[in-house]
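Now for the letters of each chain:
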Amino acid sequence: MVKAEIISGKEVAAEKRASLKEEVRVLQETEGIIPGLTVILVGDHPASRSYVTAKHKACAEIGMHSEIIELEESVSEAALLAEISRLNEDDTVHGILVQLPLPGHIDEQKVITAISPEKDVDGFHPINIGKMMTNQETLLPCTPFGIVEMVKSKGIDIKGKHVVVIGRSNIVGKPVGQLFLNEDATVTYCHSRTVNMQQLTLQADILIVAVGRANFISAEYIKEGAVIIDVGVNRLPSGKLCGDVVFEDALQKASYVTPVPGGVGPMTITMLLHNTVQAAKNVRKGV
Ligand SMILES: Nc1nc2c(c(=O)[nH]1)N[C@@H](CN(C=O)c1ccc(C(=O)N[C@@H](CCC(=O)O)C(=O)O)cc1)CN2
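Since this is a predicted model, take the numbers as computed values, not measurements.

Draft legend 1. View of the environment of Met-267. Within the element layout of this structure, Met-267 appears in helix α10 (residues 264–285). Sequence-distant contacts of Met-267, defined by excluding residues within four places in its chain, comprise Gly-9, Val-12, Ala-13, Gly-146, Ile-147, Glu-149 and Met-150.

Draft legend 2. A look at the domain arrangement of the protein chain. Here the domain parsing of the protein chain yields domain 1 (32–117) and domain 2 (141–264). The centre of domain 1, based on its C-alpha atoms, is set 28 Å off from the matching centre of domain 2.

Draft legend 3. Structural view of the site of the ligand. Taken together, 19 residues lie around the ligand, and Tyr-51, Leu-100, Pro-261, Gly-265 and Thr-268 are the ones closest in. At the level of elements, β4 (95–98), α6 (142–153) and α10 are the ones that each hand at least two residues to the shell around the ligand. The element best represented in the shell around the ligand is α10, accounting for four residues. Classifying every residue of the shell around the ligand gives 12 nonpolar, six polar and one charged. Lining the shell around the ligand are residues from two domains, each supplying at least three of them: domain 1 (32–117) and domain 2 (141–264).

Draft legend 4. Region of interest: the UniProt feature "domain: Tetrahydrofolate dehydrogenase/cyclohydrolase NAD(P)-binding" (unreviewed entry) in the protein chain. Look at the UniProt record and you will see "domain: Tetrahydrofolate dehydrogenase/cyclohydrolase NAD(P)-binding" (unreviewed entry) annotated at residues 141–282. Across residues 141–282, helical content stands at 37% and strand content at 17%; the span's end C-alpha atoms are separated by 17 Å.

Draft legend 5. Structural detail: the confidence of the model for the protein chain. Looking at the protein chain, the pLDDT average stands at 97 and 99% of residues meet or exceed 70. Taken together, the chains of this predicted complex give a pTM of 0.97 and an interface ipTM of 0.98.

What counts, and where the lines are drawn
Note that residues are indexed from 1 along each chain, following the sequence as it is written. Whole-chain, interface and lining totals are the exception, using all residues; otherwise, since this is a predicted model, local features are given only for residues with pLDDT of at least 70 and side-chain atom pairs are given and counted only at 80 or more. Helix and strand definitions follow DSSP, with helices as H or I runs of at least four residues and strands as E runs of at least two, each counted in order from the N terminus. We call two residues in contact when the distance between their C-beta atoms, placed using the backbone, is within 7 Å. What counts as a domain boundary in this text is fixed by an automatic or database domain assignment. By convention here, the C-beta atom is placed from the backbone, and a residue is near a molecule or strand when that atom is within 6 Å of it. Any residue outside Ala, Val, Leu, Ile, Met, Phe, Trp, Tyr, Cys, Pro, Asp, Glu, Lys and Arg is labelled polar, Gly included; the first ten of those are nonpolar and the last four are charged. UniProt positions are given in the numbering used here, feature names are shortened, and annotations may be inferred rather than shown by experiment. Each residue carries a pLDDT value, the predictor's own confidence for that position, ranging from 0 to 100.

Laid out in structure tokens, this is it:
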């Protein structure tokens, strides 16, 4: 029997994008500012290319300016850093994003740190991460930010809830736990070395799964009535996309579940738009 309500990231994203479109219109009409995003794509990873294209399209749909800079897979780290430095100095660029992952010869952390924190619309710069950790206003990592927005959109109470995060990546696992901690949740992290993970996941009021392994979480890991957030986007040999959670199992045991596709993914790009508009406004405020 289906018990859970599906949290449609597509629907939450559409609502948020409509309000951002209006914000962009007002910003342009009243102050002549058009928020601008520049995305750097290194190499020709097909999934990365499709995410970058989706970002470009999403910007256009809400009236924002955007540009894609494509660099060869073999580009040197120094050349990439020089490009970032040029964009840091360009006042028409409010947001800079380097699509990840990068080729192995480039130090990802060095690249992220080279982006001006004020233009770091991915929210990955150590200064922005530090501000997030200390609960200060800043540009927040898009996927974690989108997850919190989705949960809030359903009026789900976070305070005092036990949030269990499976995964400890810098772009999703670690920051999503911190954002829920900032919302007064009790947070537990699980990862590949966690002993008896099931004992922990069965305590989760909100279970966030970001491991990148198809159908990693099944019914026996889910507490009755839990909120299940599935961050995984895995392509099966059949070509079909699926999440890290067995969706049918979550439907039967959880109170809410996010689908794949159409769940967390669309929120990632939406919060990127939000951050870029925010970065443009911050320039005006001198933040
Ligand atoms: N610089 C960054 N690199 C990467 C990020 C990021 O936030 N910043 N996140 C991911 C990729 N990503 C955005 O860049 C992303 C992933 C998935 C989706 C999405 O909408 N997925 C759809 C399915 C898409 C499909 O058909 O393949 C869904 O879940 O519905 C958007 C953005 C890694 N790199």
